[in-house]
Every structure is written in C-alpha cells, then in structure tokens.
Amino acid sequence: MTTHLNLTASTHELRAEGLAVGYGERHVLSGLDLEIEPGTVTSIVGANASGKSTLLRTLSRLLSPAGGQVLLDGRSVHSMPSKELARVLGLLPQSPVSPDGITVADLVGRGRHPHQRMFRAWSAADDAAVAHALDATATADLADRPVDELSGGQRQRVWIAMVLAQQTDLLLLDEPTTFLDVSHQIEVLDLLADLNRDRGTTIVMVLHDLNLAARYSDRLVALEGGRVYAAGPASAVLTEQCVQDVFGLRSRIIDDPVSGGPLVVPVGRHHVAAG
Amino acid sequence: MTLTATSTATRPSRRRPGTDAPRSPALPTRTAWRRRLAWLGAGLVVLVLLCAASVAIGSRTVDMPAIVEALGSLGEPVEGLDQAAVVKRIPRTVLALVVGAALGVAGAVMQGVTRNPLADPGILGINMGASLAVVVGMAWFGMFAAHHMIWMAILGAALTAVLVYAIASAGRSGASPLKLALAGAALTAVATSFITAVAMPRGDISANIRSWQIGGVGGAAWDAIGLVAPFLAVGMLLALASARSLNSLALGDDLAAGLGERVMLARGLAALSSVLLAGAATAVAGPIGFVGLVVPHACRLLAGPDHRWLLSYSAVAGAGLLLASDVLGRIIARPSEIDVGILTALIGAPFFIHIVRQRKVREL
Ligand SMILES: Nc1ncnc2c1ncn2[C@@H]1O[C@H](COP(=O)(O)OP(=O)(O)O)[C@@H](O)[C@H]1O
Ligand SMILES: [Mg+2]
C-alpha cells in the first residue's frame, strides 16, 4: 500500500440541526435533526418524494436550508470553502451523467478534482488514488473501456470508484442500488461494507429495499412528513407501526434467517393466507 | 439507459480493498496523453502550412520570388501591385486565425456549459443577437466605427445569452438542452426578422450591412484586429481557465458541486468567455456559422471528452478550418472571391449532418 492513502478511520462527525428545506413555496423538510456518527453506515429510508434526496443534497450543501444548519465537526458546511468540503465529504447523486465516450480511467480520475489546483499537473498521489479506487471496485480490468459500453452493474461500480478516488472520509450515496438486479445490488452493498470496515469510511445512503437497508446498516433513519420519524438500529426502527406510518403499508416483521436482523414481509390485499 | 446482458460474463472476481489485490496495470492515460499531444502537434503543423498558403495564394497570382521579396521588405513602403497584394494577405491571415480559433473555442465551451452537443454560438442565437445589436447600432445610431461595433456585438451576444438562458430555465426541469436550443432558435428567428425590418428601409446602409452580415475576413485591417485582440485574449484565457470546471460540469450539476465546484460561478465564467469570443469574432467578421458547431465535434473524436484537450484542439482546428475556407474562397472563384462565411456553411453543413448520423446525439 502506498503512503498516499489514508487508511485511518473517519473521525468526521456530520450533524443536521433543525433543517428546513424547500423548493420555492414548497416545504420538503421541516425541523429535521440528524446525527451521523463517524465510521458508521446509515441508511435513509422513506416513501417516494419524502425528501431523501433533498436531505442528502442539503447535507452536501447542494441546497441551502431555509432554516437550521448542517455542521461538519461543528462548522457549518455552508461556510466552508467548497473544495475543502469536497475533500472530506463525497456525494454520488441519483443520476450522474457520464460524458460521451469517456473511459473508465478518465471518469474515475475526475474524482480527483478537489485535490487539484488549476495549473498543477496530475500527481503520483492522483495515480495512486485512481488505481486504488479501481482495485477496490474491481473495475481495473475495465480501465480503458468507454463507460457507455458497460452494463448497469459495472457502470455503478465505476461511479463508486469515482467517488472513492475523491478519498473522502464521508460518503453520501443516493440510491446506489436502484436499477440493478439483485446480485448486483448485493455486490455494491458488499463493496460499501468493505469500505466501511477496511477504511473506516462513514457511509450515508438512500436505499429503497428495507431488508437490505436493515442488513447493511448500523443505523436506519426513517423520514416522514419532512422529519425523522425514527432513527437507530434496524431492530429498533423497523416495527410494523413504523412501516405503517412511513410507507402506509401493512407488514409483518420476522427474523431474517441470514443476518438475524429484522425482515419486513409486506401484507398487500392479495395472496394473503387465511388465518 | 439500456442495460446489456454482458455483465455476468465480464464480471471480475471480488477483491477486497486494502488487501494485496493485484495492482492495476499501468494506467492507459499515459499513452493516451502522448497520442493527444501528437495530434495537437500535427494540427499545428497543418496550421503553419495553411498560413503559408494563405500568404502565397490569392485572387491575384504572385510568383514565389515576389512573395519572398515582399515578405523581406515588410515595414518598408509598399511598392507595386504584387507586394501590395501580399502585404494585404497578412492581416487577413491573422484575422482568419484568431476568429476561427475564437469560434471553435466558443462552440466547445458552449457545448460544455449547456451539456448540449448541438450548442453553438449560431444555434443558441448568440451570433444573431450580436448581429442585431451591430445592425441597430449602424442603422439607428450611425455606429460604423470598429470599436463601436465590437461593444455592440458583445452587448448583443451577452443579452442574447442571458435571454436564451432565462427563457430556457423557466419551468421546473431547468435549462434542458432541448429548451436551450428551442429558445435559441426562437431568438434567432426574432433577431433575423428584426434585422431585416431595421435594414430594409435603409437603402443607404443596407449594402454595408449585407456585406458584413455574410461574414468575411477579406477586409481585414490591423487596427480592427488590434481592437478585438484584448477581448479575444481575455475570452480565450477565461475559457482555458474554465476547462477543468467544464470537466466537472459534464458529470451533472449535483456531482460537480459534490466535487467542490461552485456550479453557478463556474458556469457563469465559462459562459462569459464564450460570449466574449463569439461577440468579438462576430464584430470583426460578421456572423460565421458552423465553425463553433463542427469543430468541437470533430475534435472530440480525437481529443476525447477532456476539455483541457478539447479546447486546445478546437482553437487549432477552428483556426485551420477558417483559414482553409478563406484560401479556398480565393481560389475557386478567381478572379473574384467567395466570402468565408458562405464556405464554412458549405463545408460545415454536410459534415455536421454526417456527425449527427454517425453518432447518437444524446440529451436532445
Ligand atoms: N428541483 C426541484 N424543484 C422542485 N421540487 C422538487 C425538486 N426536487 C425535488 N422536488 C420535490 O421535493 C419533494 C422531495 O423530493 P426528493 O427529495 O427527490 O424525494 P425522494 O428522494 O425521497 O424521492 C418531492 O415532492 C419533489 O417533487
Ligand atoms: Mg430521491
């Protein structure tokens, strides 16, 4: 391993206090409090349009809150220099755009942006970070392939490699598994769990699959009505009442035979065995 | 997005980070870098040859010794028609170089800022906005002096850019490429009919306007070049300084911001650079179409999507295209000349259709 890589566990603490965020007249988040502990994996769950993306975008200061603040180690992120923040906190948005014809290596290299000065040449540290990101995501074999030609699962790994090359201690990912088949979903989540375990990266992600969220996270945050409905370990958050209130869905919670955690079994109007 | 079914076949084995996984092979970026540099060098060589051709070839045939003699006695009082012809070709060559480079870079920057592969100072209405301002200046305020035209052109270009962006941004999805192109087309139509309306009743100036509007570098003079040079220089520096920001913006606004880019500022500065370049180029040479559209597309095939390369390539190729068109215009209609704006359209249009047919034009 080269000395350029920061292998120490994250010590950065991210916190939101009384966040109120909206688009124009429309309020999406109101009075939201959240604390992300260093070195943990947190999943944000909630119904469609409940403001999960809005929350991530505010945490990474893409949006300015109308009220409240986002604090990184006690400093408001909205007053930090943008590149300094980008060296600590990385974001993989829901729908990133890959430029036409770009190769995997070039795309991953763009993750180095916050570490570069305007006229400073590409450095050995940049090379090492890109090589490491490609290795970690098992995309090194794809390095000179055009991104447009990859499958959905490969492409998602490449995007994750890009934010890895940014070498931030905190990683925010918006629906990193959406559009992937189930084996690729597991692959991506395993990769994130590796990162968290081996490098101590703090991970905050939006997931739709409650059961995978429960299995892969230290903490779940359930959003409802612009606030945190419940936050904590999956076993505490995922109750039948919570699923009812947050998703408007009846369900049974049983033990996950694989992980031992909670497993949500939805109850619809059909195919329900009597008794 | 279409997902292909190749993933299982090519899925590499899982490797854990931080373990002694095989290091990735030497990154392919090094060889790509050399290849891109070689192409840029080749482009510069072609450009030098084109410059030589532009000085040597004209509607008046001057033989080699006379050309050499004329070049040797630059700065001295001009003697004879041969020498006069050659001396006149030098500012013309320089003008074609700088205008071509400016239009090529302006187009590349606009395509980057709007993430619109069809963006170009022509399509977004910038050139026509600049033209309208110049024509209004001529017709209503008698502004025929070169420095007046430059300011009017840049003013018109800037106003049009702001207007196009404002119109396209209305509504929820923001300034999408399609809405930008539509807003540009609408403003172009308005500006074109306005120009006609303004110029039509003015028989006294319409010839003046018409010759300027077709676009050309034939009337090049050192003082006009000197006047636009500062604008072009500032625009060019700003564009090159924006190259890395454009690389980030190409990944989408959210990701760009996540990478530490100040999105609105970066986009504003890049847009300003292309307005300066397109406006100043239009002021001296009239609205010249297709250079800003075709050149970045052709360059992208060789330079790839990195704007640091793309902008340099576009400068060289834009200069080359305009110079070649100008030289061609002097040859094919001897003893008369064809304006460069007509030729770039003749060369550019089929080339552009070819590009659109060859490559999927995304995001439109
Ligand atoms: N750019 C925007 N402009 C206006 N409204 C928006 C915008 N983005 C999201 N919204 C609205 O904000 C609400 C929350 O959206 P979002 O945070 O994307 O939800 P989620 O990610 O939980 O599905 C939705 O009602 C959505 O329509
Ligand atoms: Mg979302």
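Residues numbered from 1 in each chain as written. Chains lettered and ligands numbered in written order. Predicted model: local features only at pLDDT ≥ 70, side-chain atom pairs only at ≥ 80, totals over all residues. Heavy atoms only, no water.

Put simply, the rule is: UniProt positions are given in the numbering used here, feature names are shortened, and annotations may be inferred rather than shown by experiment.
Naming follows an unreviewed UniProt entry, where chain B appears as ABC transporter permease of Citricoccus zhacaiensis. Quoted verbatim from the Sequence similarities (unreviewed entry) heading of the UniProt record, the comment on chain B is "Belongs to the binding-protein-dependent transport system permease family. FecCD subfamily." Quoted verbatim from the Subcellular location (unreviewed entry) heading of the UniProt record, the comment on chain B is "Cell membrane".

Going by what an unreviewed UniProt entry lists, chain A is known as Iron-dicitrate ABC transporter ATP-binding protein and is assigned to Citricoccus zhacaiensis. Entered under Subcellular location (unreviewed entry) in the UniProt record, the comment concerning chain A runs "Cell membrane".

1. Things to note about the environment of G304 of chain B
All names here are of chain B. Stated formally: Only DSSP runs of H or I reaching four residues or more are called helices, and only runs of E reaching two or more are called strands; each is numbered from the N terminus. Only protein chains enter the accessibility calculation, which uses a 1.4 Å probe; a residue whose area is less than 20% of its type maximum is buried, one above 50% is exposed, and one in between is partly exposed. We call two residues contacting when some pair of their heavy atoms lies within 4.5 Å.
Its place among the elements puts G304 in the loop between α13 (291-303) and α14 (307-332). Residue classification places G304 among the buried residues on the basis of a relative accessible area of 13%. Sequence-wise, G304 and A32 are 272 residues apart; in three dimensions their C-alpha atoms are separated by 9.5 Å. G304 has contacts with R36, C299 and L310, leaving out every residue within four places of it along the chain.

2. Here's the deal with the nonpolar core
To keep it simple, the criterion reads: What makes a nonpolar core is a set of buried Ala, Val, Leu, Ile, Met, Phe, Trp, Tyr and Cys residues whose side-chain atoms join them at distances within 4.5 Å.
Ranked by internal contacts, the top residues of the largest apolar core, which has 84 residues, are V99, V109 and I288 of chain B. When near neighbours in sequence (up to four residues on either side) are disregarded, V109 of chain B contacts A239, L246, A270, S273, S274 and L311 of chain B. In this structure, A105, L134, L142 and L238 of chain A belong to the second largest nonpolar core, which totals 55 residues.

3. Section: the pattern of salt bridges
Test applied: Counted as salt bridges are all cases of a side-chain nitrogen of Lys or Arg within 4 Å of a carboxyl oxygen of Asp or Glu.
This model, assessed by the stated rule, comprises 14 salt bridges over all chains. Here E84 of chain A ties to R75 of chain A by a salt bridge, and the two come within 2.9 Å at their closest N and O atoms. Since its relative accessible area comes to 28%, E84 of chain A is described here as partly exposed. What makes R75 of chain A partly exposed here is its relative accessible area of 39%. The residue R267 of chain B makes a salt bridge to D253 of chain B at a minimum N-O spacing of 2.9 Å. Taken together, the residues span a long stretch of sequence, with R267 of chain B in helix α12 (residues 263-285) and D253 of chain B in helix α11 (residues 253-258) at a distance of 14 residues. Overlapping salt bridges bring together R92, D326, R330 and E337 of chain B as one network.

4. As for the pairing of strand β2 (residues 26-36) of chain A
Residue and element names in this part refer to chain A. Cut-off, in case you're wondering: Pairing between strands is defined by DSSP: at least two bridges between the two strands are required.
Bridge analysis of strand β1 (residues 14-23) against β2 gives seven bridges, and the strand direction is antiparallel. Paired with L14 across the bridge in β2 is I36. In this antiparallel pair of consecutive strands, β1 and β2, the connection spans two residues, and G24 shows a positive phi of 60 degrees.

5. Details of the coordination of the magnesium ion (ligand 2)
Selection criterion: Water is not part of the atom set, so a site may look incomplete; the donors themselves are N, O and S atoms within 2.8 Å of the metal, or 3.2 Å for Na, K and Ca.
The protein atoms that coordinate the magnesium ion (ligand 2) are S53 of chain A (OG) and Q94 of chain A (OE1), at distances of 2.0 to 2.6 Å. In this pair, S53 of chain A is assigned in helix α1 (residues 52-59) and Q94 of chain A in the loop between β6 (89-92) and α3 (104-109), connecting sequence segments 41 residues apart.

6. Regarding the site of ligand 1
Residues and elements named next belong to chain A. Condition: Proximity criterion: a residue is near a molecule or strand once any of its heavy atoms comes within 4 Å of it. The term polar contact refers here to a pair of N or O atoms within 3.5 Å; inside protein, the definition further demands a hydrogen-donor-capable atom paired with an acceptor-capable atom, and it admits residues adjacent in sequence only when both atoms are side-chain atoms. The method behind every accessible area is Shrake-Rupley, applied with a 1.4 Å probe, and residues are considered shielded solely by the protein chains displayed.
Around ligand 1, twelve residues are found, and the nearest of them are R26, A49, K52, S53 and T54. Measuring from a nitrogen atom of ligand 1, one finds a side-chain N or O atom of Y23 at 3.4 Å. The backbone of S50 places a nitrogen or oxygen atom 3.3 Å from an oxygen atom of ligand 1. Here ligand 1, which alone exposes 560 Å², has 74% of that area covered by the protein. Put simply, the parts of the chain that give the shell around ligand 1 at least two residues each are β2 and α1. Counting residues per element, the shell around ligand 1 draws most heavily on α1, at three residues.

7. Things to note about the domain arrangement of chain A
It is common to report an interface's size as the accessible area lost on association of the parts. All names here are of chain A. The condition is simple: How far each domain reaches was decided by an automatic or database domain assignment. In short, buried area is how much 1.4 Å probe accessible area vanishes from two parts on joining, totalled over both. As a working rule, the residues Ala, Val, Leu, Ile, Met, Phe, Trp, Tyr, Cys and Pro are called nonpolar, Asp, Glu, Lys and Arg charged, and the rest polar, with Gly in that last group.
Entries for chain A in the domain assignment read domain 1 (10-88 + 168-238) and domain 2 (98-167). With 16 residues of domain 1 at the contact, the number on the domain 2 side is 16 residues. Counting the surface domain 1 buries against domain 2, the share from its top three residues, K83, R87 and L191, is 34%. Counting across the domain 1 and domain 2 interface gives one salt bridge. Of the charged contacts in the structure, one is a salt bridge between E187 and R157, with a shortest N-O distance of 2.3 Å. Where domain 1 touches domain 2, the interface holds six residue pairs in polar contact (both at pLDDT 80 or more). Examining the composition of the side of domain 1 that touches domain 2, we find that seven residues originate from one element, helix α6 (residues 182-199), more than from any other. Split by residue class, the side of domain 1 that touches domain 2 holds nine nonpolar, two polar and five charged.

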